[in-house]
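Take a look at the letters that make up each chain.
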There are 2 protein chains.
Amino acid sequence: MHKVVCLPRLSRVAVCGGTHGNELSGVYLVRELLKEEKKAMEEEEEEEKPVSVVLVLSNPWAIQQCRRYVKTDLNRCFTHASLNGPLSDSAPYELIRSKELNTLLGPKGSPEAVDLVCDLHNTTANMGLCLIAYSDCDWICLHTFKHLQASTNIPMRYIHFDVPKEESYSLDSVGKHGFAMEIGPQPHGVVRSNIYTAMKFGVQHMLDWVRFFNSGTIIEGGFVDVFTMVKHIDYPRDSETHNIIAAIHPQLQDRDFCLLHPEDPLFQTFSGETLRYKGKEPLYPFFINECAYYEKGIALSLARKRRVMIPAIRVQTEQEQQASEQGFGSEEEE
Amino acid sequence: MHKVVCLPRLSRVAVCGGTHGNELSGVYLVRELLKEEKKAMEEEEEEEKPVSVVLVLSNPWAIQQCRRYVKTDLNRCFTHASLNGPLSDSAPYELIRSKELNTLLGPKGSPEAVDLVCDLHNTTANMGLCLIAYSDCDWICLHTFKHLQASTNIPMRYIHFDVPKEESYSLDSVGKHGFAMEIGPQPHGVVRSNIYTAMKFGVQHMLDWVRFFNSGTIIEGGFVDVFTMVKHIDYPRDSETHNIIAAIHPQLQDRDFCLLHPEDPLFQTFSGETLRYKGKEPLYPFFINECAYYEKGIALSLARKRRVMIPAIRVQTEQEQQASEQGFGSEEEE
């Protein structure tokens, strides 16, 4: 007898691209999905959809300029404090836009928020397809991941940023559930067909899973690996100019999620010297040499891997949902 | 009996980085060379160098912002017309800077110009190391290339842009001889150790060759392959929005310098359709999916390959150089 966790229906899902305006897979994928949606609306009768999908181009001004952001990183503007602070006339564009998106998809933390936000990103790091989320016990996010991982040969990982709910800062935190879908390697400002296709696959299978979940079937549990972010490492820098004086070591470059041991090569200085990893614990590197993180002082991030048991789940019946909204429990034995 | 072409000594060589501010290998390499130069000057007695090397960070403002350019592409500002036109108070930064660089390294076309300009660039395309020049009969450029190609296993090509001298537009055209040293693949705004090392190798071997040439040795001739640019191909675009509707086909991506035949796959649309190459002549693609060329409307360039015979050369003696400056010939039979 396994415990089956009953969870509310996922009626509204948001798929967002261009939160960073130079991460092009998401921009072109959302545009393509908008085109398909328009075509379907022209061709078909209006019919009720099992799930409503909101398609969003998050930062249109940055997309137009093919830049990560115009004034400030939009994907850091969704903290509780930022969303609920005052908005002056001279507020940066992205702060204004974050409040618009919060109105459209949230408000964050409210019952009106969309059920799931999937925010599309690219990285220059060799990370394959990753779901990045704030929780290691959000069964919706973890089940989506498990389903995607079982559906493809693309290397796929779940990254957990251990940040308290109030301080969660990215667009996907506006939904009741949410994650960033991060795919690389791809240079920013470039669209590579293989990366675009992998993202399209990821979004389609995510939506398939949501429909499957909504259908009422019991979805089996099991184990998944979760990478929890432990710390960031900056590039070695010149103490006067603050310029970097080394690049990621060739033996580490492109080896995201390959265990880094103490004394393994970490950097190679521009004069040719090898600098080694001085940590005491072997950890998993990721976001190795991500372009946008030079300015954030991050050469790579390090994670601990843990196996998480996720329970079987099924969608609540309408009765259960009503009961749950009145404050009753939502777990049952099968 | 082979004809040996006698050419003037290469006394002053310029190595330039950061003509595009987000192509980081050149930026970090020039900074490193400046550091080495400073150290050498502190440690050593002043001694006469066999060749004087001018190290230049071409576009400091763009480097600071890690952008290709601030107002306009600096590497298109060095035409005869642009350099000799008037400079208004509202002139874009790069136009002002191009005139400064012309004063420092030129004036273009004058006897005072540096003997050789090596301008360092990166591309997101899988091009290995390329020398890009305007001439297919500049023996200095072609001999440098031949020497580099013989010294390494890095894939290495010579690209010839068939543009009249007056219209040559890039920084390297300011020198008596000059080429861009283009290396990829590397995302812009990123430095990869392997690409940095390949560029460092290229610059060091280029300078070694210049010293070797200046030493007076006869340098053997031979054949080299030259890729002459024939035409550019743009991405397929939406007729209304002008947005691109396809990416480079996965079968073409990263296959720079692999012969493209009529009917070979060229693009894959965002809905999954394959578009084919409709040209009648097989040609060699390069700059496939270069980030900076999206705005220029170039998805890839196509070249014809030709084998060029280059003669043996040696540096002119002082007497020959004086005679040559007085208008006498500079070729001899050996």
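Residues numbered from 1 in each chain as written. Chains lettered and ligands numbered in written order. Predicted model: local features only at pLDDT ≥ 70, side-chain atom pairs only at ≥ 80, totals over all residues. Heavy atoms only, no water.

A closer look at helix α6 (residues 193–214) of chain B
Residues spaced three or four apart along an α-helix point in a common direction, a consequence of the helix completing one turn every 3.6 residues. The terminal C-alpha atoms of α6 of chain B lie 32 Å apart, and with 22 residues this matches the ideal 32 Å at 1.5 Å per residue to within 8%. A positive backbone phi angle near 105° is found at Gly-216 of chain B, which sits one or two residues after α6 of chain B. (Helix = DSSP H or I, 4+ residues; strand = E, 2+ residues; numbered from the N terminus. Expected span 1.5 Å × (residues − 1).)

Some words on the sheet that holds strand β10 (residues 265–269) of chain B
All names here are of chain B. With antiparallel pairing, 3 strands are arranged side by side in an open sheet as β9-β10-β11. For this open sheet the edge positions go to β9 (246–248) and β11 (274–276), each flanked by a neighbour on one side alone. Sheet twist, expressed as the average angle between the axes of neighbouring strands with direction ignored, equals 35°. Inspection of the sheet shows β9 paired to β10 by 3 bridges, in the antiparallel sense. Of the residues in β10, the one forming a bridge with Ile-248 is Phe-267. (Pairing = 2+ DSSP bridges. Axes fitted to C-alpha atoms, helices over the stretch in contact; angles between N-to-C directions.)

What about helix α1 (residues 24–43) of chain B?
Between its first and last C-alpha, α1 of chain B extends 29 Å over 20 residues, near the 28 Å set by a 1.5 Å rise per residue. Among the structural elements, β2 (12–17), β3 (52–57), α2 (60–65), β4 (116–122) and α6 of chain B are those in contact with the buried residues of α1 of chain B. (Contact = heavy atoms within 4.5 Å.)

A word on the pairing of strand β5 (residues 128–133) of chain A
Residue and element names in this part refer to chain A. Across the 6 residues of β5, 6 count as buried, placing the element largely inside the fold. As paired elements, β5 and strand β7 (residues 177–184) share 5 bridges and run antiparallel to each other. Bridge pairing in β7 links Ile-132 to Ala-180. Strand direction decides the pairing type here: β5 and strand β6 (residues 156–160), joined by 5 bridges, are parallel. Residue pairing across strands places Leu-129 opposite Met-156, the latter belonging to β6. One crossover worth recording links β5 to the parallel β6 by way of helix α5 (residues 139–151), and it is right-handed. (Buried < 20%, exposed > 50% of the residue type's maximum accessible area, 1.4 Å probe, protein only. Right-handed = clockwise from strand over helix to strand, strands pointing away.)

A short note on the packing of aromatic side chains
If you walk through the whole model with that rule in mind, you get 27 aromatic pairs over all chains. For the pair Trp-209 of chain A and Phe-213 of chain A, a centre-to-centre distance of 5.5 Å together with 15° between the ring planes defines the contact as stacked. Highlighted residues: Trp-209 of chain A and Phe-213 of chain A, both in helix α6 (residues 193–214), separated by 4 residues, approximately one helical turn. The two residues Trp-209 of chain A and Phe-213 of chain A agree in class, both being buried. Here Phe-161 of chain B and Phe-286 of chain B contribute two aromatic rings whose centre-to-centre distance is 6.5 Å and whose plane-to-plane angle is 80°, an arrangement assigned as edge-to-face. Taken together, the positions of Phe-161 of chain B in the loop between β6 (156–160) and β7 (177–184) and Phe-286 of chain B in strand β12 (residues 284–286) put the pair 125 residues apart, joining distant regions of the chain. Accessibility expressed as a relative area gives 12% for Phe-161 of chain B, which makes it buried. (Phe/Tyr/Trp six-rings, centres within 6.5 Å; stacked < 30°, edge-to-face > 60°.)

A look at the packing of helix α5 (residues 139–151) of chain B against α6 of chain B
Residue and element names in this part refer to chain B. At a minimum axis separation of 10 Å, α5 and α6 run at an interaxial angle of 120°. Here α5 is positioned oblique relative to α6, judged by the angle of their axes. In the packing of α5 onto α6, the handedness of the crossing is right-handed. Side by side, α5 and α6 meet where Ile-140, His-143, Thr-144, His-147, Leu-148 and Ser-151 of the first sit next to Phe-201, Gly-202, His-205, Met-206, Trp-209 and Phe-213 of the second. Its residues assigned to classes, the contact of α5 with α6 shows 6 nonpolar, 6 polar and no charged. (Parallel < 35°, antiparallel > 145°, perpendicular 65-115°, else oblique. Left-handed = near helix turned anticlockwise from the far one by under 90°. Nonpolar A, V, L, I, M, F, W, Y, C, P; charged D, E, K, R; others polar.)

Description of the domain arrangement of chain A
Residue and element names in this part refer to chain A. Considered domain by domain, chain A is made up of domain 1 (8–221) and domain 2 (228–306). Each of domain 1 and domain 2 was reduced to a C-alpha centroid, and the two centroids are 28 Å apart. With 19 residues of domain 1 in contact, the opposing surface of domain 2 contributes 16 residues. Of the roughly 1,500 Å² buried between domain 1 and domain 2 on both sides combined, carbon and sulfur atoms contribute 55%. Linking domain 1 with domain 2 are 2 salt bridges. For Asp-136, the salt bridge goes to Arg-306, with nearest N and O atoms at 2.7 Å. Where domain 1 touches domain 2, the interface holds 12 residue pairs in polar contact (both at pLDDT 80 or more). Elements with a contribution of two residues or more to the side of domain 1 that touches domain 2: β5 and β6. (Domains from an automatic or database assignment. Buried area = accessible area lost by both parts, 1.4 Å probe. Salt bridge = Lys/Arg side-chain N within 4 Å of Asp/Glu carboxyl O. Polar contact = N/O pair within 3.5 Å; in protein donor to acceptor, adjacent residues only side chain to side chain.)

Brief notes about the pattern of salt bridges
Tallied over the entire structure, the rule returns 28 salt bridges over all chains. Among the salt bridges present, the one from Glu-32 of chain A reaches Lys-35 of chain A, with a minimum N-O distance of 3.9 Å. Taken together, the positions of Glu-32 of chain A and Lys-35 of chain A, both in helix α1 (residues 24–43) and 3 residues apart, correspond to about one turn of that helix. For Lys-35 of chain A, a relative accessible area of 45% corresponds to the partly exposed category. The shortest N-O distance in the salt bridge between Arg-68 of chain B and Asp-73 of chain B comes to 3.0 Å. Here the two residues Arg-68 of chain B and Asp-73 of chain B agree in accessibility, since each one is buried.

Remarks on the interface of chain A and chain B
Note: interface size is frequently given as the accessible area lost on complex formation between the parts. Chain A puts 30 residues into the contact, and the matching count from chain B is 31 residues. Here chain A packs against chain B, burying approximately 2,600 Å² in sum over the two surfaces, 53% of which is carbon and sulfur. The residue Arg-192 of chain B makes a salt bridge to Asp-254 of chain A at a minimum N-O spacing of 2.7 Å. Our enumeration of links across chain A and chain B arrives at 12 residue pairs in polar contact (both at pLDDT 80 or more). Counting only elements with at least two residues in the side of chain A that touches chain B, the list comes to α1, α6 and β9 (246–248) of chain A.

A word on the side chain of Asn-75 of chain B
Within the fold, Asn-75 of chain B resides in the loop between α2 and α3 (80–84). Within the structure, Asn-75 of chain B has its side chain in polar contact with the backbone nitrogen of Leu-171 of chain B (distance 2.9 Å).

So, the packing of α1 of chain B against α6 of chain B
Residues and elements named next belong to chain B. In contact at an axis separation of 10 Å, α1 and α6 are set at 55° when each is read in the N-to-C sense. Taken together, the axes of α1 and α6 are oblique relative to one another. When you trace α1 past α6, the crossing you get is right-handed. Contact residues: Ser-25, Gly-26, Tyr-28, Leu-29, Glu-32, Leu-33 and Glu-36 in α1; Ile-195, Tyr-196, Met-199, Lys-200 and Val-203 in α6. Split by residue class, the contact of α1 with α6 holds 7 nonpolar, 2 polar and 3 charged.

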